[in-house]
Amino acid sequence: MNLEYFIAKRLSSGKGHKNSISAPIIKIAIAAITISIVMMLIAIATGGGLKKKIREKIAAFNGHIQISTFDNNRSDVSVSPIYLEQDFYPEFKNVSGIQHVQAVANKGGIVRTEETVEGILAKGVGQDYNWSVFEEFIVAGRVPNFLEDRSDEVLISRLLSDKLKLKLGDTFMSIFLRDNDPSKMPNQQKSTIVGIYDSGFEEFDATYVFMDIRHIQRMNKWEDNQIGNFEIFIDDFDAIDEKSLEISGKTFSLLQTTTIKDKFSFIFQWLDLFDFNTALIIGIMILVGGINMITALLVLILERTTMIGILKALGANDWSVRKIFLYNAAYLISIGLFLGNFIGLGIIWAQDKYRMFKFPNPKEYYIEYIPVHISVTAIVALNIGVMILCLLMLIIPSYIITKITPVKAIKFD
């Protein structure tokens, strides 16, 4: 039997413990641990949720990794075509962790109505396009059907439709300059709105119009097997840099590979700040919880001075006595962790399901509500980390037990 654990258990479960002088201080310490773990869970979940949601929105318009010619030079407009016949299309078999590969082509144009004119970026997509990433963005209508002959159906953003004063079912004319000879009459394209989306990402919503890729091929005088670039979706975003290098090594030397982290570096640099803020909150909360536990431990030691003297008189060494109080502290911390996890994860679940809390200015965060996301690994790591760090913080204060002598402790009142 572990004697120190047995004594610590009797101390924490005894009736006198609840009515002792240290009881209120212990409750405050448990409350501090509870509040700290709630704050840490919410900080991790909101930071991770916002990063995940923004990454998903950027990837929905661009894929995780793009393969294009060097002539495009990271331009949104497709300048030089790529042949569709590639070893990595339609399936990238040489690289693991690839979720989907799709062929697209972009072309800049202008939409002119009787009342206004707006610039657009026509994104030509085909039968291989992964519309599932757009399902949550559709606010009216449906996605275009490009399975049959060349279709005039388009998907337009709510922001752009409001500017153009167009609604579901309306038709409009768009104008595209001829890239090979801008002096000639521009191409005109009649389109019908069959769907309206709202991603909340104003930078994309203001320009992107989804249409049949065959219209882009026709206007650019490309062949049916020529496209602008390939968009690749991967399973693990955290491995995007490694996958980009691996993909680059498996593709033709005249093709370049670009990640959305490179293309939208300013956004991802902003997202990286969330990690620092989350780490700062965790550090502060652990410090607050640890200080409260130190106070509770010192009061417990003061309250049990006579018991410490008796144990030492019976032959217990200093470390054995210190372990009793550390076991007791671990028990109190575990109560705080349990309550904190119960409350914190409950709030996170409710926010994920009901979206109760919203941003006061959604445009600044590209999303209306506060998203949450936390992994089981993060929860387990956080709880273990808090327990270990708090106990480490208590080891030094418990050193005061070594200064207590049996004779004076037994006489202590």
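Analysis parameters
Residues numbered from 1 in each chain as written. Predicted model: local features only at pLDDT ≥ 70, side-chain atom pairs only at ≥ 80, totals over all residues. Heavy atoms only, no water. Helix = DSSP H or I, 4+ residues; strand = E, 2+ residues; numbered from the N terminus. Rg over C-alpha atoms; globule rule 2.2 N^0.38 Å. Buried < 20%, exposed > 50% of the residue type's maximum accessible area, 1.4 Å probe, protein only. Contact = heavy atoms within 4.5 Å. Areas by Shrake-Rupley, 256 points an atom, 1.4 Å probe, with all protein chains shown as cover. Lys, Arg positive; Asp, Glu negative; His and termini not counted. Charge placed at Lys NZ, Arg CZ, Asp CG, Glu CD. Salt bridge = Lys/Arg side-chain N within 4 Å of Asp/Glu carboxyl O. Pairing = 2+ DSSP bridges. Polar contact = N/O pair within 3.5 Å; in protein donor to acceptor, adjacent residues only side chain to side chain. Patch = residues over 30% accessible without salt bridge, like charges linked within 9 Å, V, L, I, M, F, W, Y side chains within 5 Å. Axes fitted to C-alpha atoms, helices over the stretch in contact; angles between N-to-C directions. Parallel < 35°, antiparallel > 145°, perpendicular 65-115°, else oblique. Left-handed = near helix turned anticlockwise from the far one by under 90°. Nonpolar A, V, L, I, M, F, W, Y, C, P; charged D, E, K, R; others polar. Core = buried A, V, L, I, M, F, W, Y, C linked by side-chain atoms within 4.5 Å. Phe/Tyr/Trp six-rings, centres within 6.5 Å; stacked < 30°, edge-to-face > 60°.

**Focus on the overall build of the protein chain**
In terms of helices and strands, the protein chain carries 14 helices and 12 strands. For 413 residues, the compact-globule estimate of 2.2 N^0.38 gives 22 Å, and the protein chain exceeds it by more than 25% at 31 Å. Viewed in the frame of its principal axes, the protein chain has a C-alpha envelope of about 105 × 45 × 30 Å. Counting across all 413 residues of the protein chain, residues that qualify as buried make up 49%. Taking the contacts inside the protein chain whose residues are at least 6 apart along the sequence as the reference set, 78% of them involve residues at least 24 apart. Summing over all exposed atoms, the protein chain offers an accessible surface of approximately 21300 Å²; the carbon and sulfur share of this is 59%. Averaging the coordinates of the 42 positive side-chain charges in the protein chain and doing the same for the 44 negative ones gives two points 12 Å apart.

**Here we look at the pattern of salt bridges**
Taken as a whole, this structure holds 14 salt bridges when the rule is applied. Linking Lys53 and Glu136 is a salt bridge whose minimum nitrogen-to-oxygen distance equals 3.7 Å. Here Glu136 lies in the loop between β4 (117-125) and β5 (138-141) and Lys53 lies in helix α3 (residues 23-62), a separation of 83 residues in the sequence. Close ionic contact of Lys243 with Glu246 constitutes a salt bridge, the shortest N to O distance being 3.6 Å. Residue Lys243 and its partner Glu246 are both found in helix α7 (residues 240-250); the two are separated by three residues, about one turn of the helix. A cluster of three or more residues bridged by salt bridges with shared partners is formed by Lys52, Lys53, Glu56 and Glu136.

**Examining the pairing of strand β6 (residues 153-157)**
Summarising burial for β6: five of the five residues are buried, a large majority. Side chains Glu153, Leu155 and Ser157 project from β6 onto one buried face, and the interleaved Val154 and Ile156 project onto a second face that is buried too. In this structure, β6 lies alongside strand β9 (residues 208-212), joined through two bridges in antiparallel fashion. Of the residues in β9, the one forming a bridge with Ile156 is Val209.

**A short note on the side chain of Ser78**
Checked against the element boundaries, Ser78 lands in the loop between β1 (65-69) and β2 (82-83). Within polar-contact distance, the side chain of Ser78 engages the backbone nitrogen of Asn106 at 2.9 Å.

**Focus on a nonpolar patch on the surface**
There is a patch of nonpolar side chains on the surface, built from Phe338, Leu339, Phe342, Ile343, Ile347, Trp349, Tyr354, Met356 and Phe357 and spanning about 1000 Å² of accessible area. With respect to the element layout, Ile347 can be found in helix α11 (residues 318-354). Looking at Ile347, the relative accessible area reads 32%, which means it is partly exposed.

**Observations concerning the packing of α11 against helix α13 (residues 376-395)**
Packed helices, taken two at a time, are described by the angle their axes make and the gap between the axes. Running from amino to carboxyl end, α11 crosses α13 at an angle of 150°, the nearest separation of the two axes being 10 Å. With respect to α13, the axis of α11 lies roughly antiparallel. The interaxial crossing formed by α11 with α13 has right-handed handedness. The segment α11 lies against α13, with Arg322, Leu326, Ala329, Ala330, Ile333, Ser334, Leu337, Asn341 and Leu345 engaging Ile379, Asn383, Val386, Met387, Cys390, Leu391, Leu394 and Ile395. Here the contact of α11 with α13 is built from residues that sort into 13 nonpolar, three polar and one charged.

**As for helix α10 (residues 305-313)**
For α10, the set of buried residues is Thr305, Met307, Ile308, Gly309, Leu311 and Lys312. One or two steps after α10, the chain reaches Gly315, where phi turns positive at roughly 110°.

**Some details on the nonpolar core**
Ranked by internal contacts, the top residues of the largest apolar core, which has 68 residues, are Ile58, Phe92, Phe134, Phe210, Phe230 and Ile232. If we skip the residues at most four places from it in the chain, Phe210 touches Phe61, Lys123, Val125, Tyr129, Trp131, Phe134, Pro144, Phe146, Glu153, Val154, Leu155 and Tyr197. By size, the runner-up hydrophobic cluster in this structure holds 44 residues, among which are Leu41, Leu311, Ile324 and Cys390.

**What about the packing of aromatic side chains?**
Per the stated rule, a full pass over the model turns up 28 aromatic pairs. For the ring pair Phe201 and Phe204, a centre distance of 4.8 Å and an interplane angle of 25° mean the geometry is stacked. Pair check on accessibility: Phe201 and Phe204 agree, each one buried. Aromatic pair Trp270 and Tyr366: ring centres 6.0 Å apart, planes at 80°, arrangement edge-to-face.

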